[in-house]
Amino acid sequence: MPAIAVRAPRGRSRRHPIPAGSRRPAALAAIVALALAVAPSPAAAQQSGLLTGRVTEEGGGPLVGARVGIVGSRLGATTAADGVYRLRVEPGRLVVRTVFLGYAAHTDTVDVPAGGDARLDVALRRAPVALDQVVVLGSRAAVRTVTESPVPVDVLGIAEIEATGLTETAAILQRLAPSFNFPRPSITDGTDHVRPSTLRGLGPDQVLVLVNGKRRHTSALVNINGSIGRGSSGVDLNAIPASAIERIEVLRDGAAAQYGSDAIAGVINIVLKSDAERSLGAEYGSTAEGDGRVLQGDVNFGHEFAAGGSLHLTAELRDRNPTNRSRPDTRQQYFDGDPRNADPSLNGRVNHRYGDASTTDGILFGQLLRSIGGVEAYAFGGLGMRQGEAAGFFRRPNDDRTVRAIYPNGFLPLIETDILDGSLAVGGRGESRGWSWDLGGVYGGNSLDYAVANSANVSLGTESPTSFDAGSLTATQGTINLDVSRPFIVGLRTPLNVAAGVEYRFESYHIEEGEEASWVDGGVPILDGPNAGNIAPAGAQVFPGFRPADAGYDTRSNVAAYADLEASFTERLLVGVAGRFENYTDFGSTATGKLSARVELLRGLAIRGAAATGFRAPSLAQSFFSSTATNFINGQPFEIRTFPAGSAEGAVLGAEPLKAEESLNLSAGVAFKPSGSFSLTADFYHIEIDDRIVLSGNFLGAEIRQLFIDRGFTNVAGGRYFTNAIDTRTEGVDVVLNYGVLLGEGTLRFTSGYNWNKSRVLSVDPTPPELSELQNILFDRVERGRIEVGQPRDNLLLALNYGRGAFGANVATHRFGKVTNVGTTEANDQTFGAKWITDLDLSWSLMGARLSLGASNIFDVYPDEQIPANNFSGILPYSSITPFGFNGAYYYTRLSYDIR
């Protein structure tokens, strides 16, 4: 991978000096001090009330672990072994909701006096499925259930998350939501450590991620190698520990008018735990091949304050060994005539590493809620560190990129990363003069430090180090917003809910140079072999460090305002309207709108739909990213570069300053719930995106060099750039079915999800007249293939869950549809057939302990192997485009214990 540079086009960013060695989001330390604002005053504590009660089964005994929550707040508690719960709350009339897996949810009201006590006992009725999960995503009016929502929303709870047996949040989402894709690319530099994920077949940066309703920052990594999501920077979902999650809400509908930039494909809202749960957990697992060993431990600590509110902390430590599915390298390793070519111990070895990277993650997340004089103050966030190691391509002894005096038998260069990911949100919410309000801010950042090990800079000859500090990337984001809402009586069936808000957001992107040895051309020629005396390649092998000229710090900010109206015009007709205006300092203003409706034709049968315009602002990395590599042509050095879109050099190739992607989202569907044990939703979507941002191919060759010379750039041989080059259309269908029955003392639940998705490139912008013969380079067939056929055409999920007393069983099979790897020529094209991946989880609970045994991909299914034209001399048997990876079966055991 070449070195990376950042140069801001004139007038498009502000550049600030950064102290040497500053690689971390320094503002994290400053914002922590704001959390002190949530400390309650003694006077306020006296005004809270105590709500207690007992949760039982109808006609039976106490229920352990039932969730009791206050609707409209994050306050909640879980029941102890005797079914008793206890909550410190603000006084007044409260709506209390009680939920427990396998039982129908119960909602009731209770009056809690100031400084006094109130009691609410609840008896839950057994129900085979929970079809009335409450969601807050997709509407700013009163909370609704999944089937009552005017747009499709999935709710993934703790039970479903734990039953997957998986430890990564992105992998869990893929197993539970068929419209979500999480491929596992390998030998793709930093992308091995922060893997991209997608929703509804769109890009990783076209889905908005929220945590507790607050915007999550993106990763600093730009995916520039050959993977799904090339040219994008998405959110690192695996930086959020699965053990800290209470539920995940997935809005499968365009929502930029409601939530802002990036919400073209939809919105993922991760809700953190806030109860008084205390638990310990540990998991051990490995693949059927014996590699990929995972050790994970997690601790949940919850505490309820006597004065009201709660604290919940989650700590998670995960260590994963690498996997390797590469095969022996049968290529000639040494120069002709070298007797070592006949040595079987030196030839035909497995010398590559192709699979999962080695990673060690340590993450701490928490949430603090306090009641202060009628205001619910909150603070939540986390800090995570990940150390990773992944490999590049093996350098053979006969390769001119090998310093044979250091590595006589070749070497496998390694990319090592230190990733720091942190965020903190603070704020408060309450009511004033009939208005509900929420004022808060969140600051987050992600930094990625690169190091290269087991490598060499050939141009330094035998004096070359074998490890290098290659520099770092850092992205930060700070957001402050005020949201208000209030119902108005206007003569309709229900009050008109009016919601509005304003937001300010600040972002930065920083590249820091690596040490000199990682990028310098030391001037030493190739020392031996047939090409001895020729110019040697410069920079650390596998990942040249960032050069001093590459270092940069770019910022931007934006302000936004939105309004959202929703009401039921009749008993059966719900209508919502939303509009949003945003202004950015780098590309200007944009306005979006959305109209949604739900019509209940019969009791339990409704049709729903929405029409929305959307946008996605180009990321700072896309606007200012630049990379530089030096190639020697006829003995002369020339730069091959990734140009910032607004640069003068980029303009030679037709580059223009980036603008926002604009979208049109249409959806229509049906929600059918004839009983409490059956529901079916089916939703069609149509998404058109204009000016979609992609990374062009490489413009190279003698004609390109001459074109640059004619424009005054004598040392530039070619390059590539980000561009709003294409318009696309994506269409699809999502179907979700839930059904359950009571079987004696047990409950059997069936869940099915299906996604069909098709994307097409509608048009490609022309190149300048001088480059008309190179039109296919602007957006080549490989990139077109990734968008059109690189993700599964369809996905099907079938899951059965059975629970009886202390025993639970979950079996799920997932059919991943076919994908196609499109090469540079038709001879390299290959379609990989659909595969069924089956998971099994068995659990037993006893006296607060829960033991789980299970397997992911229990039948050890692998994708089709690559054709010889694509398998790198037989070394790499599987394609990285495969949606479920190529590790085979993974077996695990997990033990958790609830501390009461």
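Residues numbered from 1 in each chain as written. Predicted model: local features only at pLDDT ≥ 70, side-chain atom pairs only at ≥ 80, totals over all residues. Heavy atoms only, no water.

**Here's the deal with the overall build of the protein**
Reasoning step 1: In terms of helices and strands, the protein carries 10 helices and 45 strands.
Reasoning step 2: Seen through its principal axes, the protein has C-alpha atoms that stretch 90 × 55 × 55 Å.
Reasoning step 3: Counting all 900 residues of the protein, 58% fall into the buried class.
Reasoning step 4: Looking at the protein alone, contacts between residues at least 24 apart form 70% of all its contacts between residues at least 6 apart.
Reasoning step 5: Of the accessible surface of the protein, which amounts to about 33700 Å², a share of 57% is contributed by carbon and sulfur atoms. (Helix = DSSP H or I, 4+ residues; strand = E, 2+ residues; numbered from the N terminus. Buried < 20%, exposed > 50% of the residue type's maximum accessible area, 1.4 Å probe, protein only. Contact = heavy atoms within 4.5 Å. Areas by Shrake-Rupley, 256 points an atom, 1.4 Å probe, with all protein chains shown as cover.)

**Considering the pattern of salt bridges**
Reasoning step 1: In the structure shown here, the tally under the stated rule is 47 salt bridges.
Reasoning step 2: Among the salt bridges present, the one from Asp361 reaches Arg386, with a minimum N-O distance of 2.7 Å. Residue Asp361 is found in strand β23 (residues 358-372), and its partner Arg386 is found in strand β24 (residues 375-391); the two are separated by 25 residues along the sequence.
Reasoning step 3: In this structure Asp361 comes out as buried when scored by relative accessible area, which is 4%.
Reasoning step 4: Its relative accessible area of 7% is what places Arg386 among the buried residues.
Reasoning step 5: Three or more residues are tied together by salt bridges with common partners; here these are Asp236, Glu316, Arg318, Asp361 and Arg386. (Salt bridge = Lys/Arg side-chain N within 4 Å of Asp/Glu carboxyl O.)

**Things to note about unusual backbone geometry**
Reasoning step 1: Even without being glycine, Met847 reaches a positive phi, approximately 50°.
Reasoning step 2: Within the element layout of this structure, Met847 appears in the loop between β43 (835-846) and β44 (849-856).
Reasoning step 3: Among the residues examined, Met847 registers a relative accessible area of 74% and is labelled exposed.
Reasoning step 4: A positive phi angle, near 50°, is found at Phe872, a position not held by glycine.
Reasoning step 5: On the secondary structure map, Phe872 appears in the loop between β44 and β45 (890-898).

**Comments concerning the packing of aromatic side chains**
Reasoning step 1: Counted under the stated rule, the structure contains 19 aromatic pairs.
Reasoning step 2: Taken together, a centroid distance of 6.0 Å and an interplanar angle of 85° make the contact between Tyr450 and Phe546 edge-to-face. Of this pair, Tyr450 sits in strand β26 (residues 435-453) while Phe546 sits in the loop between β28 (496-512) and β29 (552-568), placing them 96 residues apart in sequence. Residues Tyr450 and Phe546 agree in their burial class; the two are buried. (Phe/Tyr/Trp six-rings, centres within 6.5 Å; stacked < 30°, edge-to-face > 60°.)

**Considering the sheet that holds strand β13 (residues 153-157)**
Reasoning step 1: Here 5 strands make up an open sheet; going across it, the order is β13-β18-β19-β16-β17 and the pairing mixed. Looking along the sheet, the strands with just one partner apiece sit at the ends: β13 and β17 (214-215). (Pairing = 2+ DSSP bridges.)

**Focus on helix α8 (residues 702-710)**
Reasoning step 1: Listing the buried residues of α8 in full gives Ile704, Arg705, Leu707 and Phe708. End-on, the buried residues of α8 take up no more than an arc of 160°, which puts them together on one face. Among the exposed residues of α8, those oriented more than 90 degrees off its buried face are Ala702, Glu703 and Asp710.
Reasoning step 2: At the exit of α8 stands Gly712, carrying a positive phi of roughly 95°. (Arc of directions from axis to C-beta.)

**Let's talk about the pairing of β28**
Reasoning step 1: Among the 17 residues in β28, 12 count as buried, and that is most of the element.
Reasoning step 2: Bridge analysis of strand β27 (residues 468-488) against β28 gives 17 bridges, and the strand direction is antiparallel. Looking at β28, one finds that Asn481 is bridged to Glu503.
Reasoning step 3: Relative to β29, β28 is paired through 15 bridges, and the arrangement is antiparallel. Bridging across to β29, Val498 finds its partner in Leu565.

**Digging into the environment of Asp418**
Reasoning step 1: Within the fold, Asp418 resides in strand β25 (residues 414-432).
Reasoning step 2: Its relative accessible area of 33% is what places Asp418 among the partly exposed residues.
Reasoning step 3: A polar side-chain atom of Asp418 sits 3.5 Å from a polar atom in the side chain of Gln387. (Polar contact = N/O pair within 3.5 Å; in protein donor to acceptor, adjacent residues only side chain to side chain.)

**Describing the sheet that holds strand β5 (residues 76-78)**
Reasoning step 1: Taken together, 4 strands build an open sheet; the order of strands is β5-β4-β7-β8 and the sheet is antiparallel. Two strands in the sheet have a free side with no partner beyond their single neighbour: β5 and β8 (103-112). Each neighbouring strand pair of the sheet contributes to a mean axis angle of 20°, computed without reference to strand direction.
Reasoning step 2: In terms of strand pairing, strand β4 (residues 67-70) meets β5 through 3 bridges, oriented antiparallel. Bridge pairing in β5 places Gly69 opposite Gly76. (Axes fitted to C-alpha atoms, helices over the stretch in contact; angles between N-to-C directions.)

**Focus: the nonpolar core**
Reasoning step 1: Leu173, Phe180, Leu237, Ile248, Ile268 and Ile270 are the most contacted members of the largest nonpolar core, which totals 39 residues.
Reasoning step 2: At the level of elements, α4 (169-176), β16 (207-211), β18 (245-251), β19 (266-272), β23, β24 and β36 (678-695) are the ones that each hand at least two residues to this core. (Core = buried A, V, L, I, M, F, W, Y, C linked by side-chain atoms within 4.5 Å.)

**Let's talk about the environment of Asn887**
Reasoning step 1: Within the secondary structure, Asn887 sits in the loop between β44 and β45.
Reasoning step 2: If near-sequence neighbours (up to four positions away) are discounted, Asn887 is found in contact with Thr287, Thr323, Arg325, Asp356 and Tyr862.

**Description of the side chain of Ser896**
Reasoning step 1: Relative to the assigned elements, Ser896 resides in strand β45.
Reasoning step 2: If sequence neighbours within four positions are ignored, Ser896 has contacts with Leu280, Gly281, Gly848, Ala849 and Arg850.

**Considerations on the pairing of β43**
Reasoning step 1: Taken together, the 10 bridges between strand β40 (residues 807-816) and β43 define a ladder with antiparallel strand orientation. Among the inter-strand pairings, Ala809 is bridged to a residue of β43, identified as Leu842.
Reasoning step 2: With 7 bridges joining them, β43 and β44 adopt antiparallel strand pairing. For Leu846, the partnering residue across the bridge sits in β44 and is Ala849.
Reasoning step 3: The turn linking β43 back onto β44 is made up of 2 residues, and Met847 within it adopts a positive phi angle of 50°.

**Observations concerning a nonpolar patch on the surface**
Reasoning step 1: Nonpolar side chains collect at one region of the surface, where Leu439, Ile480, Leu482, Val502, Tyr504 and Val559 lie side by side and expose about 510 Å² of accessible area between them.
Reasoning step 2: Secondary structure elements with two or more residues in the nonpolar patch: β27 and β28.
Reasoning step 3: If you trace the backbone, Leu439 turns up in strand β26.
Reasoning step 4: Classification of Leu439 as partly exposed rests on a relative accessible area of 44%. (Patch = residues over 30% accessible without salt bridge, like charges linked within 9 Å, V, L, I, M, F, W, Y side chains within 5 Å.)

**Digging into the confidence of the model for the protein**
Reasoning step 1: The share of residues in the protein with pLDDT of 70 or more is 90%, and the mean pLDDT across the chain is 87.
Reasoning step 2: Here strand β1 (residues 3-6) stands out as the element of the protein with the lowest mean pLDDT, 32, in contrast to strand β42 (residues 830-832), whose mean of 97 is the highest.
Reasoning step 3: With pLDDT under 50 throughout, residues 1-46 is counted as low confidence; its partners more than four residues away or in other chains account for 121 contacts. (pLDDT = per-residue confidence, 0-100.)

**Things to note about helix α10 (residues 781-788)**
Each full turn of the α-helix corresponds to 3.6 residues, which orients residues three or four apart in the same direction.
Reasoning step 1: Burial within α10 is extensive, with 6 of its 8 residues counted as buried.
Reasoning step 2: Considered for burial, the residues of α10 that qualify are Val782, Glu783, Gly785, Arg786, Ile787 and Glu788.
Reasoning step 3: At its buried positions, α10 is contacted by β36, β37 (716-743) and β38 (746-764).
Reasoning step 4: The N-cap residue of α10 is Asp780: its side-chain oxygen and the backbone nitrogen of Val782 are 3.2 Å apart.

**A few points about the environment of Ser233**
Reasoning step 1: Residue placement: Ser233 occurs in the loop between β17 and β18.
Reasoning step 2: Under the relative-accessibility criterion, Ser233 is labelled buried at 7%.
Reasoning step 3: On a C-alpha basis, the gap between Ser233 and Ser219 in space is 6.1 Å, while along the polypeptide they are 14 residues apart.
Reasoning step 4: A polar contact is formed between the side chain of Ser233 and the backbone oxygen of Leu221, at a distance of 2.9 Å.

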